[in-house]
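Chain residues, written in single-letter form:
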Amino acid sequence: MTASSSDKGKYKKMAMSSKEYQNFAKTREPSRSIGTNCLKAFIIGGGICVVGQVIQELFMHLLHMKAEDASNPTVAVLIIISVILTSIGVYDKIAQWAGAGTAVPVTGFANSMCSAALEHRAEGLVLGVGANMFKLAGSVIVFGVVAAFFVGIVHLILGTGGQ
């Protein structure tokens, strides 16, 4: 859209330095209550963990599994719940209210992958979903592998053998 000749003198050209713009942006930024945000994250993140514990207890009592055996299907069920809630738009509303409380558990990772897949599904399964779903996941997987490597080195040096 171009300005007409009658509009040329109406608008004042803004020439702000980056420092001036940062100060201007800070005056317009809404205030955040750190205590309230931490409490919301604690409640929702803790609630997700409680749900996970309930699911694990159900596996242990109903299917007579040991705690070690029940942990893998528990994580799978939490991931499925997260993907379903993301698909119907509920998880994002919870995350908007709770902030980091939904990002820390495994459900946050599942949400980020599912969101990327949903966002790019119109581009096709391979170039859309497949290529874009792992953009975030790739960095998380690399960090996990590198962290596991260093933890393994520390255990090797200390002679604890991973115990």
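The structure contained in this document is the topic of the report that follows. Computed from a prediction, not measured in an experiment: that's the story for all the values here.

Cut-off values and rules
- Residues numbered from 1 in each chain as written.
- Predicted model: local features only at pLDDT ≥ 70, side-chain atom pairs only at ≥ 80, totals over all residues.
- Heavy atoms only, no water.
- Helix = DSSP H or I, 4+ residues; strand = E, 2+ residues; numbered from the N terminus.
- Buried < 20%, exposed > 50% of the residue type's maximum accessible area, 1.4 Å probe, protein only.
- Contact = heavy atoms within 4.5 Å.
- Areas by Shrake-Rupley, 256 points an atom, 1.4 Å probe, with all protein chains shown as cover.
- Phe/Tyr/Trp six-rings, centres within 6.5 Å; stacked < 30°, edge-to-face > 60°.
- Patch = residues over 30% accessible without salt bridge, like charges linked within 9 Å, V, L, I, M, F, W, Y side chains within 5 Å.
- Salt bridge = Lys/Arg side-chain N within 4 Å of Asp/Glu carboxyl O.
- 1 Å grid on protein atoms, 1.4 Å probe; cavity = no way out; pocket = protein on both sides within 12 Å on 5 of 7 lines; lining within 4 Å.
- Points joined across faces, edges and corners; volume = space filled by probe spheres on them.
- Nonpolar A, V, L, I, M, F, W, Y, C, P; charged D, E, K, R; others polar.
- Core = buried A, V, L, I, M, F, W, Y, C linked by side-chain atoms within 4.5 Å.
- Axes fitted to C-alpha atoms, helices over the stretch in contact; angles between N-to-C directions.
- Parallel < 35°, antiparallel > 145°, perpendicular 65-115°, else oblique.
- Expected span 1.5 Å × (residues − 1).

Comments concerning the overall build of the protein
No. 1: A count of helical and extended segments in the protein gives six helices and zero strands.
No. 2: Counting helices and strands in the order they occur from the N terminus, the protein gives α-α-α-α-α-α.
No. 3: Counting across all 163 residues of the protein, residues that qualify as buried make up 20%.
No. 4: Taking as baseline every contact in the protein between residues at least 6 positions apart, the subset at least 24 positions apart corresponds to 49%.
No. 5: In the form shown here, the protein has an accessible surface area of approximately 12,400 Å², with 68% of it arising from carbon and sulfur atoms.

Quick notes on the environment of valine 129
No. 1: Positionally, valine 129 belongs in helix α6 (residues 125–158).
No. 2: Relative accessible area serves as the criterion here: at 15%, valine 129 is assigned to the buried category.
No. 3: Separated by ten residues in sequence, valine 129 and glutamate 119 have C-alpha atoms that sit 8.0 Å apart.
No. 4: If near-sequence neighbours (up to four positions away) are discounted, valine 129 is found in contact with Ala117, His120, Arg121 and Gly124.

A closer look at the packing of aromatic side chains
No. 1: A full pass over the atoms with the stated rule returns one aromatic pair.
No. 2: Geometrically, the ring pair formed by phenylalanine 149 and phenylalanine 150 is edge-to-face, given 5.4 Å between the ring centres and 70 degrees between the ring planes.
No. 3: Of the residues examined, phenylalanine 149 reaches a relative accessible area of 51% and is grouped as exposed.

Focus: a nonpolar patch on the surface
No. 1: A cluster of nonpolar side chains, contributed by Val142, Val146, Phe149, Phe150, Ile153, Val154, Leu156, Ile157 and Leu158, occupies part of the molecular surface with about 930 Å² of accessible area.
No. 2: Along the chain, the position of phenylalanine 149 falls in helix α6.

As for the layout of surface pockets
No. 1: In this structure, the largest pocket encloses a volume near 160 Å³.
No. 2: Surrounding the largest pocket, Ile44, Gly47, Ile48, Val51, Leu78, Ile81, Ser82, Leu85, Tyr91, Ile94, Thr102 and Thr107 form its lining.
No. 3: Broken down by secondary-structure element, the contributors of at least two residues to the lining of the largest pocket are α2 (34–62), α3 (67–87) and α4 (90–98).
No. 4: Here the lining of the largest pocket is built from residues that sort into eight nonpolar, four polar and no charged.

A word on the nonpolar core
No. 1: The biggest cluster of nonpolar side chains holds five residues, and these are Met113, Ala117, Val129, Met133 and Ala137.
No. 2: Broken down by secondary-structure element, the contributors of at least two residues to this core are α5 (106–119) and α6.

Brief notes about the packing of α2 against α4
No. 1: Two elements in contact, α2 and α4, have axes separated by 8 Å at closest approach and are oriented at 140 degrees. Looking at the two axes, α2 sits oblique to α4. Contact residues: Asn37, Lys40, Ala41, Ile44 and Ile48 in α2; Tyr91, Ile94, Trp97 and Ala98 in α4.
No. 2: Classifying every residue of the contact of α2 with α4 by side-chain character gives seven nonpolar, one polar and one charged.

Here's the deal with α3
No. 1: An ideal rise of 1.5 Å per residue puts 30 Å on 21 residues; α3 measures up with 30 Å between its terminal C-alpha atoms.
No. 2: Buried within α3 we find Ala70, Thr74, Leu78, Ser82 and Thr86.
No. 3: Structurally, α3 contributes buried residues whose contacts are with α2, α4 and α5.
No. 4: Once α3 ends, the next one or two residues include glycine 89, with phi positive near 85 degrees.

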